[in-house]
Amino acid sequence: GLLLSGVGYSMGAITLANYVATSGAQCDLDAAVTISGALDTREQVNFLRSASLWQPFITKALRDTLLSSFGNKIRSRLSQQQIQESIKAATLVDFDRTFFVPYHDFDSLEDYY
């Protein structure tokens, strides 16, 4: 028979691992492989070297892509103040806090992570 597998890299790995872990026995996948996903994203807050070296570049690219591709949907879910705060975000942690937490209606950054 056919097997359904999932493969995730980086953020995709985090998302895939979260899906498998929360689905448990009801998981629709027969196999899952994650590559370079964080084991504990809460530790990202303490990773100051990445915050100054590579996070600003990734944050800008992510922010610009999301706003240019999904601007209308974002404006329907976030206030203008929330959008402005996310535009000012210099690190992924700041962007997670100002964009993804309110966009997905999490209570806090810790809850999102």
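The coordinates are above.
Residues numbered from 1 in each chain as written. Predicted model: local features only at pLDDT ≥ 70, side-chain atom pairs only at ≥ 80, totals over all residues. Heavy atoms only, no water.

(A) Summary view of the overall build of the protein chain. The number of helices and strands found in the protein chain is six helices and two strands. For the protein chain, the N- to C-terminal ordering of α and β elements is β-α-β-α-α-α-α-α. With 113 residues in all, the protein chain has 27% of them scored as buried. Restricting to contacts in the protein chain with at least 6 residues of sequence separation, those with at least 24 account for 54%. Accessible surface, the protein chain: about 7,800 Å² in total, of which carbon and sulfur atoms supply 56%. Placing the 9 positive and 12 negative side-chain charges of the protein chain at their respective mean positions leaves the two points 11 Å apart. (Helix = DSSP H or I, 4+ residues; strand = E, 2+ residues; numbered from the N terminus. Buried < 20%, exposed > 50% of the residue type's maximum accessible area, 1.4 Å probe, protein only. Contact = heavy atoms within 4.5 Å. Areas by Shrake-Rupley, 256 points an atom, 1.4 Å probe, with all protein chains shown as cover. Lys, Arg positive; Asp, Glu negative; His and termini not counted. Charge placed at Lys NZ, Arg CZ, Asp CG, Glu CD.)

(B) Representation of the nonpolar core in the model. Counting residues in hydrophobic clusters, the biggest one holds 13 residues, and the most contacted among them are Leu66, Ile74, Leu78, Phe95, Phe99 and Phe100. A per-element tally of this core places helix α5 (residues 92-103) first, with six residues. Dropping the residues within four chain positions of it, Phe100 is found in contact with Leu62, Leu66, Phe95, Phe106 and Tyr112. (Core = buried A, V, L, I, M, F, W, Y, C linked by side-chain atoms within 4.5 Å.)

(C) Examining a nonpolar patch on the surface more closely. A contiguous nonpolar surface patch, about 520 Å² in accessible area, is contributed by Phe47, Leu53, Trp54, Phe57 and Ile58. Mapping Phe57 onto the fold places it in helix α3 (residues 55-77). (Patch = residues over 30% accessible without salt bridge, like charges linked within 9 Å, V, L, I, M, F, W, Y side chains within 5 Å. Salt bridge = Lys/Arg side-chain N within 4 Å of Asp/Glu carboxyl O.)

(D) Main features of the side chain of Ser23. Residue position: Ser23 is located in helix α1 (residues 11-23). Ser23 sits in the buried class, given a relative accessible area of 15%. At 2.7 Å, the side chain of Ser23 forms a polar contact with the backbone oxygen of Tyr19. (Polar contact = N/O pair within 3.5 Å; in protein donor to acceptor, adjacent residues only side chain to side chain.)

(E) Main features of the layout of surface pockets. Put simply, the largest pocket is a space of about 870 Å³. By residue class, the composition of the lining of the largest pocket is 15 nonpolar, eight polar and three charged. (1 Å grid on protein atoms, 1.4 Å probe; cavity = no way out; pocket = protein on both sides within 12 Å on 5 of 7 lines; lining within 4 Å. Points joined across faces, edges and corners; volume = space filled by probe spheres on them. Nonpolar A, V, L, I, M, F, W, Y, C, P; charged D, E, K, R; others polar.)

(F) Structural detail: the pairing of strand β1 (residues 5-9). By the alternation rule, side chains of β1 split into Gly6 and Gly8, which are all buried, and Ser5, Val7 and Tyr9, of which none is buried. Where β1 lies against strand β2 (residues 31-35), five bridges are found, and the strand directions are parallel. From the neighbouring strand, Tyr9 faces β2, where its bridge partner is Ile35. Following the backbone out of β1, through α1 and into the adjacent parallel β2, one traces a crossover that is right-handed. (Pairing = 2+ DSSP bridges. Right-handed = clockwise from strand over helix to strand, strands pointing away.)

(G) Looking closely at the packing of aromatic side chains. For the structure on display, the rule yields seven aromatic pairs. With 5.0 Å between their ring centres and 5° between their planes, Phe95 and Phe99 make a pair best called stacked. With a gap of four residues between them, Phe95 and Phe99 both fall in helix α5, about one helical turn apart. Judged by centre distance (5.6 Å) and plane angle (85°), the rings of Phe95 and Phe100 are edge-to-face. With a relative accessible area of 15%, Phe100 lands in the buried category. Here the aromatic residues Phe95, Phe99, Phe100, Tyr103, Phe106, Tyr112 and Tyr113 are joined through ring pairs into a cluster of three or more. A cation over an aromatic ring shows up here: Arg77 above the ring of Tyr103, its NZ or CZ 4.1 Å from the ring centre. (Phe/Tyr/Trp six-rings, centres within 6.5 Å; stacked < 30°, edge-to-face > 60°. Lys NZ or Arg CZ within 6 Å of the ring centre and 35° of its normal.)

Such coordinate-based values are descriptive only and should not be taken to indicate function.
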